[in-house]
Amino acid sequence: MTEFVDVKNMTRWIQRDGVEPIMASMVEYLEADFARWEAFDKVARVASHTPFGVIELMPTSDTKEYAFKYVNGHPFNPARGFQTVTAFGMLADVDNGYPTFLAEMTLLTALRTAATSAMVARRVARPGAQVMAMIGAGSQAEFQALAFRALMGIDQLRVYDVDPAAVEKLRRNLQPLGFDIQEAGSTSESVVGADIVTTCTADKARATILSSEQVPAGVHINAVGGDCPGKTELDPELLRRAKVFVEFPEQTRVEGEIQQMAPDFPVTEFWKVLTGAEEGRTSAEQITIFDSVGFAIADFSALRCARDATAGTDLQTYIDLVADPEDPKDLFSLVNTLKPVG
Ligand SMILES: NC(=O)c1ccc[n+]([C@@H]2O[C@H](COP(=O)([O-])OP(=O)(O)OC[C@H]3O[C@@H](n4cnc5c(N)ncnc54)[C@H](O)[C@@H]3O)[C@@H](O)[C@H]2O)c1
């Protein structure tokens, strides 16, 4: 039987442990896995594009466990009453290939994306960052804010979204949790005085949400929304001015902000900063950018974190996914209607 965490139980886990403690724990899993980056099988995700959006499969494995995630990205969905991003995924035992853990991953993806953003920012943003601009206040936004507070103590937000109702929703969700939230009338207004700028918008377009002139020296940009071909948020000139950190370059060069740049545009793989093989930020004036697209190893870490936290509790149920006859060569026995009765 495969352990299973459905939406109801994922929600119960997050409510039981709290988003911020989970972020702190998930970052430990992420750092442990990013630090052994070379131990993983890595491949850019397999994407099926349509005019409506994208559906992707994201696999990875080490010598013990295999993981994959199914995830979609449909920017026009909210206008039709559906979410932009939904996901589910699983872990399997590399030894016999059997699935061991299956989980909803819409919530888990929001947690892992935000935890990954905060993990990177903690290493490469200027020390002492206090104010974050948030451009885009959709589904991911509250999780991003909570991750940055849990990991870096940031509780002052300057929020802009083209949809004022989204900003109002964010305020309703986060103000009671103690955030200082200022609504901005434009992108330019939101970035004034910000140490970190998170761009997390959804549009299947080569948009320029943030132009180079809007960004002063020393800012860290957490660029989350540009995550598939033909979908970007940053001005190429801003990329040229900055030091750019990525997850898996082979995937990011196709899907990330750097799809706008030449194939040899210099990037730093974040796992190398974590292990000390490469430098992070090298001066207080430097602009740093995390060109986040979401890589399979982060899902591997998130699944492990959720599995371990829910193990042995009623947050896990079991799902019968593998037809497993007593005689492994006699699969037909399971459907054989000629079996003697009794
Ligand atoms: N990098 C990753 O690992 C990762 C993971 C999950 C989601 N994403 C991406 O993050 C983005 C946001 O996801 P979501 O689930 O929050 O989507 P969402 O649709 O719930 O929210 C997006 C918000 O962006 C706003 N917006 C659109 N254009 C804007 C503009 N020009 N200026 C300001 N606001 C604008 C929309 O009004 C909406 O409120 C998506 O593009 C998604 O694909 C990336």
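Quantities reported herein were computed from a predicted structural model and do not represent experimental measurements.

Thresholds, definitions, all that
- Position labels on residues start from 1 in each chain and follow its written sequence.
- Thresholds applied to this predicted model are a pLDDT of at least 70 for local features of residues and 80 or more for the giving and counting of side-chain atom pairs; totals over whole chains, interfaces and linings are not thresholded and use all residues.
- Calculation of side-chain values draws on the structure's entire complement of heavy atoms; hydrogens and water are dropped beforehand.
- Only DSSP runs of H or I reaching four residues or more are called helices, and only runs of E reaching two or more are called strands; each is numbered from the N terminus.
- Throughout, exposure labels follow a simple rule: accessible area from a 1.4 Å probe, protein chains only, divided by the maximum for the residue type, with under 20% read as buried, over 50% as exposed, and the rest as partly exposed.
- Contacts are residue-level and defined by heavy atoms, with any inter-residue pair within 4.5 Å sufficient.
- Only four residue types enter the tally: Lys and Arg on the positive side, Asp and Glu on the negative side; His and the chain ends are excluded.
- The term salt bridge refers to a pairing of a side-chain nitrogen on Lys or Arg with a carboxyl oxygen on Asp or Glu at a separation within 4 Å.
- In protein, a polar contact requires one atom able to donate a hydrogen and another able to accept it; more generally it is a pair of N or O atoms within 3.5 Å, and residues adjacent in sequence count only if both atoms are side-chain atoms.
- Expected span of a helix: the number of residues minus one, times 1.5 Å.
- Only strands that DSSP links by at least two bridges are regarded as paired with each other.
- To obtain each axis, a line is fitted to C-alpha atoms, and for helices this fit is confined to the stretch in contact; angles are then taken between N-to-C directions over 0 to 180 degrees.
- Put simply, two rings from Phe, Tyr or Trp (the six-membered ring, in Trp's case) pair if the centres are within 6.5 Å, and we call them stacked under 30 degrees between planes, edge-to-face over 60, tilted for the rest.
- Only Lys NZ and Arg CZ are tested; either one counts as a charge over a ring when it is within 6 Å of the ring centre and within 35 degrees of the ring normal.

A. Representation of the environment of Gly-53 in the model. Take Gly-53: it is sitting in the loop between strand S2 (46-49) and strand S3 (54-61). Overall, the relative accessible area of 1% leaves Gly-53 in the buried class. Here the alpha-carbon distance between Gly-53 and Pro-75, two residues 22 residues apart in the chain, equals 6.7 Å. With residues up to four places along the chain from it excluded, the contact list for Gly-53 reads Ser-48, Gly-73, His-74, Pro-75 and Lys-204.

B. View of the side chain of Glu-233. Inspection of the secondary structure puts Glu-233 in strand S13 (residues 232-234). Notably, Glu-233 is buried but unbridged: the nearest opposite-charge side chain belongs to Lys-231, and the N-O separation is 7.3 Å. Within polar-contact distance, the side chain of Glu-233 engages the backbone nitrogen of Gly-225 at 3.0 Å.

C. Spotlight on helix H3 (residues 106-124). Over its 19 residues, H3 extends 27 Å from the first C-alpha to the last, a length consistent with the 27 Å expected when each residue adds 1.5 Å. With 16 of 19 residues buried, H3 is to be regarded as a mostly interior element.

D. Region of the structure containing the side chain of Gln-316. Within the secondary structure, Gln-316 is located in the loop between helix H10 (296-310) and strand S17 (317-319). Reaching out from Gln-316, the side chain makes a polar contact with the backbone oxygen of Arg-307 at a distance of 3.3 Å. Ignoring sequence-local partners within four residues, the contact set of Gln-316 consists of Glu-3, Phe-4, Val-5, Phe-101, Arg-307, Thr-310 and Ala-311.

E. Molecular detail of the sheet that holds strand S10 (residues 196-199). Taken in spatial order, the eight strands make up an open sheet running S9-S8-S7-S10-S12-S16-S14-S15, and their pairing is parallel. Across the chains shown, the open sheet's two edge strands, defined by having one partner strand only, are strand S9 (180-183) and strand S15 (268-269). Across four bridges, S10 lies against strand S12 (residues 220-223) in parallel orientation. Paired with Thr-199 across the two strands is Ala-223, which belongs to S12. Its contacts with the sheet put H3 on S10, S12, strand S14 (242-246) and strand S16 (287-291), and the angle it makes with S16 is roughly 155°. Along the sheet, helix H5 (residues 164-174) contacts strand S8 (156-160) and S9; its crossing angle with S9, the most-contacted strand, is approximately 170°.

F. Quick peek at the pattern of salt bridges. Inspection of the entire model under this criterion finds 21 salt bridges. Arg-123 serves as the salt-bridge partner of Glu-31, at 3.1 Å between the closest nitrogen and oxygen. Here the residue Glu-31 occupies a position in helix H2 (residues 19-34), and Arg-123 occupies one in helix H3, the gap between them amounting to 92 residues. Exposure remark for Arg-123: the relative accessible area of 39% places this residue in the partly exposed category. Linked by salt bridges that have partners in common, Asp-33, Arg-36, Asp-62 and Arg-304 make up one network.

G. Inspection of H2 at higher detail. End to end, H2 covers 21 Å across 16 residues, agreeing with the expected 22 Å (1.5 Å per residue, within 8%). Among the residues of H2, Val-19, Ile-22, Met-23, Met-26, Val-27, Tyr-29, Leu-30, Glu-31, Asp-33 and Phe-34 are the ones counted as buried. Buried positions along H2 lie against helix H1 (7-17), H3, helix H4 (141-152), helix H9 (270-275) and H10.

H. Seen up close, the packing of aromatic side chains. According to the stated counting rule, one finds eight aromatic pairs in the structure shown. Plain terms: the ring middles of Tyr-70 and Phe-88 are 5.2 Å apart, the flat faces sit at 20° to each other, and that makes the pair stacked. On the criterion of sequence distance, the pair formed by Tyr-70 in strand S4 (residues 65-73) and Phe-88 in strand S5 (residues 87-93) is long-range, its members being 18 residues apart. Members of the aromatic cluster, joined through ring pairs, are Phe-34, Trp-37, Phe-248, Phe-270, Trp-271 and Phe-295. In this structure, Arg-149 is placed above the aromatic ring of Phe-179, and the distance from its NZ or CZ to the ring centre is 4.3 Å.

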